[in-house]
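Examining the three-dimensional arrangement
Here's the letter readout for the chains.
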Amino acid sequence: MRNYPDRDFRPTLGDVTSESGSAFDERGSGYAHASYAAALAEFGVPQSLPRSGGWVLKRNIPHTSLCDALGCYPLFACREWRSLGADLAELDGDLVSLTLVADPFGDHDEAF
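What you are looking at is a predicted structure, and each value in this text was computed from that prediction instead of being measured.

What counts, and at which threshold
- Residues numbered from 1 in each chain as written.
- Predicted model: local features only at pLDDT ≥ 70, side-chain atom pairs only at ≥ 80, totals over all residues.
- Heavy atoms only, no water.
- Buried < 20%, exposed > 50% of the residue type's maximum accessible area, 1.4 Å probe, protein only.
- Helix = DSSP H or I, 4+ residues; strand = E, 2+ residues; numbered from the N terminus.
- Pairing = 2+ DSSP bridges.
- pLDDT = per-residue confidence, 0-100.
- Contact = heavy atoms within 4.5 Å.
- Phe/Tyr/Trp six-rings, centres within 6.5 Å; stacked < 30°, edge-to-face > 60°.

Points about the pairing of strand S2 (residues 54-60)
For S2, the tally of buried residues reaches five of seven residues, placing the bulk of the element in the interior. Across five bridges, strand S1 (residues 45-49) lies against S2 in antiparallel orientation. When the bridges of S2 are listed, Leu49 appears paired with Gly54. Taken together, S1 and the strand that follows it, S2, pair antiparallel across an intervening segment of four residues, in which Gly53 is found at a positive phi of about 85 degrees.

Right under this line is the structure:
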């Protein structure tokens, strides 16, 4: 994640990239599309979840060296719900918390 100390900075879609280096993933649509995450960049730096195809917004916690993240408003959506656990495991230790509202029509793994 890039550290943007200037709170007035607004990343553009050119600043938003997935693990593959592509800003757009044509398989993503709606709330799971890179351009939707980029449109919400005023709330945090969009970070790709490459396995699941979702996006979260990563934020610096003021007056600390810690970060948290939130899902894109109003619903977190992704292509591969069963891969979400692996994406979240990679964030372990990087975030204090992650808050999101999962798409109620997603193909969730209820045990997860």
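Regarding the confidence of the model for the chain
Across the chain, the average pLDDT comes to 82, with 74% of residues at or above 70. Long-range and interchain partners of residues 6-14, a stretch whose pLDDT sits below 50, account for eleven contacts in this model, where long-range means more than four residues apart. Between residues 17-26, whose pLDDT stays under 50, and residues either more than four places distant or in other chains, the model counts 17 contacts.

Details of the sheet that holds strand S3 (residues 67-71)
With respect to topology, four strands assemble into an open sheet ordered S1-S2-S3-S4, the strand pairing being mixed. Each of the sheet's edge strands pairs with one partner strand only, and the pair in question is S1 and strand S4 (98-99). Relative to S4, S3 is paired through two bridges, and the arrangement is parallel. Following the sheet pairing, Leu70 is matched in S4 by Thr99.

Overview of the packing of aromatic side chains
Here the structure, examined in full by the defined rule, presents two aromatic pairs. Between Phe76 and Trp81, the ring centres sit 5.7 Å apart and the planes meet at 80 degrees, which makes this aromatic pair edge-to-face. Accessibility expressed as a relative area gives 1% for Phe76, which makes it buried. Residue Trp81 is classed as buried on the basis of its relative accessible area of 11%.

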